Amino acid sequence: MATNGIGIIHPFRVVVPNRVDIAGGTLDIYPLYLLIGDAMTVNVAVAVRSEVAVRLFRRGAARLTSGNFGISVTAVDTHGFPLGGKLGLLSRALRHFPAVSGVEIRVRNEAPVGSGIGASSALLVAVMLAAGRLTGTACRRDETARAAMEIEAAHLKSLTGRQDHLAALRGGIQRIRFSPGRIDVRRLPPGGRAGTMLRDHAFLANTGIAHHSSDVNWRMIRGAIDGDSVVLRKFRGIAAAARDAWEAVSAGDPRGTGAAIAAEWAIRKTLAPDVSTPGVEELFPDRRFRRLVCGAKLCGAGGGGMLFGLLRDPDDREAVEALLSGTGMSVLPFRLSGGPRFEGIGDGG
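Quick summary incoming for the structure in this document.

1. Thoughts on the sheet that holds strand 12 (residues 306–311)
1) Next: Taken in spatial order, the four strands make up an open sheet running 11-12-10-13, and their pairing is antiparallel. Pairing within the sheet leaves two strands with one partner each, and these edge strands are strand 11 (293–298) and strand 13 (330–332). The average angle at which neighbouring strand axes cross in this sheet is 25°, direction not considered.
2) Next: The pairing of strand 10 (residues 202–206) with strand 12 spans five bridges and is classified as antiparallel. Bridging from a neighbouring strand, Ala205 pairs with Leu307 of strand 12.
3) Next: Sheet strands in contact with helix 6 (residues 193–201) are strand 10 and strand 12, and its direction is about 105° off that of strand 12.
4) Next: Contacts from helix 9 (residues 254–268) reach strand 11 and strand 12 within the one sheet, and its direction differs from that of strand 11 by about 40°.

2. What about the environment of Ala45?
1) Next: Structurally, Ala45 is set in strand 4 (residues 40–56).
2) Next: Overall, the relative accessible area of 0% leaves Ala45 in the buried class.
3) Next: Separated by 254 residues in sequence, Ala45 and Cys299 have C-alpha atoms that sit 13 Å apart.
4) Next: Excluding anything up to four places from it in sequence, Ala45 contacts Pro17, Asn18, Arg19, Ala167, Gly171, Gly172, Arg335, Leu336 and Ser337.

3. What to know about a positive patch on the surface
1) Next: On the surface, Arg255, Arg287, Arg290 and Arg312 cluster together to form a positively charged patch.
2) Next: Mapped onto the elements of the fold, Arg287 is located in helix 11 (residues 287–292).

4. Section: the pattern of salt bridges
1) Next: A complete count under the given rule lists 22 salt bridges for this structure.
2) Next: In this structure, the salt-bridge partner of Asp21 is Arg19, at a minimum N-O distance of 3.5 Å.
3) Next: Exposure remark for Asp21: the relative accessible area of 0% places this residue in the buried category.
4) Next: With a closest N to O distance of 3.5 Å, Asp38 and Arg243 form a salt bridge. Of this pair, Asp38 sits in the loop between helix 1 (32–36) and strand 4 while Arg243 is found in helix 8 (residues 229–250), placing the two residues 205 residues apart along the sequence.
5) Next: Of the residues examined, Arg243 reaches a relative accessible area of 29% and is grouped as partly exposed.
6) Next: One salt-bridge network, in which partners are shared between bridges, spans Arg13, Arg49, Glu51, Arg108, Glu110, Arg341 and Glu343.

What counts as what
- Residues numbered from 1 in each chain as written.
- Predicted model: local features only at pLDDT ≥ 70, side-chain atom pairs only at ≥ 80, totals over all residues.
- Heavy atoms only, no water.
- Pairing = 2+ DSSP bridges.
- Helix = DSSP H or I, 4+ residues; strand = E, 2+ residues; numbered from the N terminus.
- Axes fitted to C-alpha atoms, helices over the stretch in contact; angles between N-to-C directions.
- Contact = heavy atoms within 4.5 Å.
- Buried < 20%, exposed > 50% of the residue type's maximum accessible area, 1.4 Å probe, protein only.
- Patch = residues over 30% accessible without salt bridge, like charges linked within 9 Å, V, L, I, M, F, W, Y side chains within 5 Å.
- Areas by Shrake-Rupley, 256 points an atom, 1.4 Å probe, with all protein chains shown as cover.
- Salt bridge = Lys/Arg side-chain N within 4 Å of Asp/Glu carboxyl O.
- Lys, Arg positive; Asp, Glu negative; His and termini not counted.
- Charge placed at Lys NZ, Arg CZ, Asp CG, Glu CD.

This is how it looks when you write it as structure tokens:
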């Protein structure tokens, strides 16, 4: 144990889930949901993790280390880390809390860069949860989600949404409804009827192509902000698909959920160039794929990353995974997740 000027530091780890957006992604970006009306995003937290470990470090110094990038930065305290470079977003988040020294903060994502499942946002949330515990200044979930969104927007110099942060903070299956001045979140537990359906029918595969959500999202929403009636009509269609998806997910209906996913994707891929990929455009019309899968999409804004879909029959999982692997994709286990988890750890573990 050591002290940091605030209290005694006990080494610990924070683990948070990433998310798969079932339908209604992009609608969580301000001010788009205000332009559409009755906007909703439906997502599910999955057991692809982002984690932060806080350990003791030498007196009068602090270190931020990324396991993914294999880099570290050291400063007098947690306000001294540079705001540029690959760790800039996390450095900015740490400045939202009181400065601390005598600690090392190690971060790691299980998902690859550009996965489309909100890994960078989830890692941001994990850092904020860790900093809140470390400094004794933890906030409510809604405050943390809003602060995380604004920290991310300030860092990226772009519009960002809230669904990634809310999934990391709450876990489970979520319906996020947006209205002026308020976000209404309803959560279904991973072990309920909806969770059982997704566990049996859902699949997830990495395309191997990194997507860049901020660029794709901006191309999508620029027309809506400019008042383009065609773009606004498409986003209303996405909002309708999200409402259908929530009704079907809540009922544990794989066919209805798959139909909503397919309807959302059919609209989404027309909103901006390069939302889809050549590999996906070849796969989706394939007769074998259509026979086995009732709906699929690229996660996030599209343009690569993770492919998510639902099997018509759980017994066909092996056949679908073989089909996906044959296209060069890497199949991941689809497992649902609860919310954040704090764990005590040894100083060196």
